[in-house]
Amino acid sequence: DAELSVATRAYRFRVLNGSNSRIYKLAWSDGTPLIAIGTDGGLLEAPVQKDYIMLGPAERVDLWVDFSSRKIGSELTLKSLSFSGANSGGMMGGGMMGMGRNRNRGRNIPANGDELTLLRVRVDRKEQETRQLPQQLSRIDRFVLSDAVNRNNPRTFRFAMQGMKPTINGRTFQMTIVAQDEIVKLNTTEVWQLVNGGGGGMMGNMMQMPHPVHVHGLQFQILERTPSAGWNSIKDGFIDSGWKDTVLLMPNMQAKILLRFEDYTGLFLYHCHNLEHEDLGMMRNYLVQG
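What counts and how
- Residues numbered from 1 in each chain as written.
- Predicted model: local features only at pLDDT ≥ 70, side-chain atom pairs only at ≥ 80, totals over all residues.
- Heavy atoms only, no water.
- Buried < 20%, exposed > 50% of the residue type's maximum accessible area, 1.4 Å probe, protein only.
- Helix = DSSP H or I, 4+ residues; strand = E, 2+ residues; numbered from the N terminus.
- Pairing = 2+ DSSP bridges.

### Looking at the pairing of strand β14 (residues 211-215)
β14 sits mainly inside the fold: five of its five residues count as buried. The alternating pattern of β14 places His211, Val213 and Val215 and Pro212 and His214 on opposite faces, both of which are buried. With four bridges connecting them, β14 and strand β16 (residues 246-249) associate as antiparallel partners. Bridge assignment links Pro212 to a residue of β16, and that residue is Leu248. Here three bridges tie β14 to strand β18 (residues 266-272), and the two strands are oriented antiparallel to one another. Within the sheet, the bridge partner assigned to His214 lies in β18 and is His271.

### Remarks on unusual backbone geometry
Among all residues save glycine, negative phi is the norm, and among peptide bonds the norm is trans. For Asn169, which is not a glycine, the phi torsion comes out positive at approximately 50°. Here Asn169 lies in the loop between β11 (165-168) and β12 (183-185). Phi is positive for Asp263, which is not a glycine, with a value near 80°. With respect to the helices, strands and loops of the structure, Asp263 is situated in the loop between β17 (254-261) and β18. Judged by relative accessible area, which is 64%, Asp263 ranks as exposed.

### Some thoughts on the pairing of strand β9 (residues 116-125)
Of the strand pairs in this sheet, strand β1 (residues 2-7) and β9 are connected by six bridges, and their pairing is parallel. Looking across to β9, one finds that Val6 is bridged to Val123. Bridge count for strand β8 (residues 75-80) against β9 is six bridges, and the pairing is antiparallel. If you follow Leu76 over to β9, its bridge partner there is Val121.

This is the structure in C-alpha cells:
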C-alpha cells in the first residue's frame, strides 16, 4: 500500500482503477464519509456523500478530502472493504481472468472482494485552509429518454461466458467487422441494455463474473441498474448521476444507459475492461454511420 503526507487543508484526489480485474469498495478506515465531486467524464452537478464507493476497472472518481480539522501526526487509511458477488462464478470464482481464490491459493494474493489497505495518509504539517467545497459544481445537460430512437426497444448487449470463452452477444472480436445490431446513426440518441450473464449454457452460468463495460468515443448517462450478486454489500456504492464511459456490471446485473452519437462517424470499440477478458475477445466494434 502507498503512503502520502498531507497538510491541514483540502485536496482533490483523482482516483483511477487501473487494475486488470480487481474491483474496489473504497472507504476511509475511521468511517469518515467519502465526498465525490466527479466521475469518468467530469464534475458532478453537486457533491455526493457516500460511506463507500464501488470502482471497477477503468472507472474514475474525483474525491474532495478535507484534512483541515485533523491534528498534526494523525493518520487516515483508505481501504477497499470486503464485499460479495465478485466471486459468484462457482469453481472459477473471481475470474478465469485472475483465477480468483483457486489461482491465488498459497500465494497470499487477496481475492476480488477481500479487504485491502490501499493508501495510508499522514497529516504532517499545518496550512491555513481558505477554500470551501462549492455546492454547485457543474451543469449536466441530461439526455432525454423520449429522444431515443429505440426507447421502446433497447439495443441489448449480453456479456457472457460460452464455455471458457468470453463473448458479447455470442460473438468475439473481429478487427473491422460489425454485425447489423452494432450499426448506429450519427446524431441519434439510443438506449442500450447491458446484460451480464446468460446465454452460455450451464457452464457459462456457473462462470459468471463481473464485467466493467467501456464504450469508446463518447460519454453516456446511466438510467438504471438491476440488483445483482452480492447486492446488499455493494448497492450503496454506485454513483450513476454523472458522465460515464464505463459501467460496472456485477454477475446477473443489467444496466440501461443512454448514449448520443455525434461529432464523428466510423468504427468505435466497446468491450469488457477486464484486461484478460478483452484480450480473449470480449470486445466488439460499433459503427456510426452518417
